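Analysis of the macromolecular model
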Amino acid sequence: MTEKQRATAEDIVQSFQNAFSQNVSETRIERHTTGIKKIEFVHIWMRINRSVFKDAVKHLFQFEEYPHFAVSSGYDNDDSIELIYHFSIYYGSRDKELSINFVVSLPKSDPTLETITDLIPGALISEQEKQEMLGVRIKNIPKDKRVFINDDFPKDVYPWRRDETGPQKYVKNLHEVKQ
């Protein structure tokens, strides 16, 4: 899109709602100003059903030829794993950049998600991290090997999990005092 064709945050949310209807929920736009020049930062949040997640990422490309992938984050949320994919469009354009965040919930009984590395190769390291740290299975990931955890670390133990697959049984409390 050219400078004049840039979509507003509201246009982007509406576009996703039109394209994915009930598979997009909990949309919100956050605006924050900072500095003496009162520069506004805009963050768009959307909960995306995993069945349309990859299509939603593809949908970003209609707003910018190369949407910027920053990182994915994630956490253990009791019976599910929440992943947040953080993107920017209009990246590098002063006062024009929009942050777009997709929240995807994966049930612990089937924590799988399709890779986006065929669309955005730079997502590989983040997807590898989510596999190792949260036990998410990324389908069709091009490089399926450990990067962050040593190979001798127990399989099926995930450092960021708070359930029985977490590291609790391997953690030693150094502050405990034997009496």
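Keep in mind that what you see is a predicted model, and the values were worked out from it rather than measured. Position numbers for residues count from 1 along each chain, tracking the sequence in the order it is written. Per-residue local features are limited, in this predicted model, to residues with pLDDT of at least 70; the limit for side-chain atom pairs, both in listing and counting, is 80 or more; totals at the level of whole chains, interfaces and linings are taken over all residues. Side-chain numbers here rest on the full set of heavy atoms in the structure, without hydrogens or water.

**Here we look at the environment of Pro 107**
- We count a stretch as a helix when DSSP gives it H or I for four or more residues in a row; a strand needs E for two or more, and each element gets its number in order from the N terminus. For Pro 107, the position within the fold is in strand β5 (residues 98-107).
- Partly exposed describes any residue whose relative accessible area lies between the buried limit of under 20% and the exposed limit of over 50%, with all areas from a 1.4 Å probe on protein chains only and scaled to the type maximum. Look at Pro 107 and you get partly exposed, because its relative accessible area is 30%.
- As for Pro 107 and Lys 172, which are separated by 65 residues in sequence, their C-alpha atoms are 29 Å apart.
- If we ignore the near neighbours within four places in the chain, the residues touching Pro 107 are Arg 50, Asp 79 and Ser 80. By definition, residues are in contact when any of their heavy atoms lie within 4.5 Å.

**Considering the nonpolar core**
- Counting 38 residues, the largest nonpolar core has Ile 12, Phe 16, Tyr 85, Phe 87 and Phe 102 as the members making the most contacts within it.
- Elements with a contribution of two residues or more to this core: α1 (9-20), β2 (39-48), α2 (53-60), β4 (80-89), β5 and α3 (124-134).
- Residues in contact with Ile 12, not counting those within four places in the same chain, are Ala 7, Ile 44, Met 46, Phe 63, Ile 89, Leu 98 and Ile 100. Take the buried residues of types Ala, Val, Leu, Ile, Met, Phe, Trp, Tyr and Cys, join any two whose side-chain atoms come within 4.5 Å, and each joined set is a nonpolar core.

**What to know about α2**
- With six of eight residues buried, α2 lies mostly within the body of the structure.
- Considered for burial, the residues of α2 that qualify are Phe 53, Lys 54, Ala 56, Val 57, His 59 and Leu 60.
- The secondary structure elements touched by the buried residues of α2 are α1, β2, β4, β5 and β6 (112-114).

**Considering the side chain of Asn 101**
- By secondary structure assignment, the location of Asn 101 is in strand β5.
- Dropping the residues within four chain positions of it, Asn 101 is found in contact with His 43, Ile 44, Trp 45, Met 46, Ile 84, Tyr 85 and His 86.

**Let's talk about unusual backbone geometry**
- With phi around 65°, Asn 140 is a residue other than glycine that occupies positive phi space.
- Relative to the elements of secondary structure, Asn 140 occurs in the segment after β7 (137-139).
- Of note in this structure, Asp 156 is not a glycine but carries a positive phi near 65°.
- In this structure, Asp 156 sits in the segment after β7.

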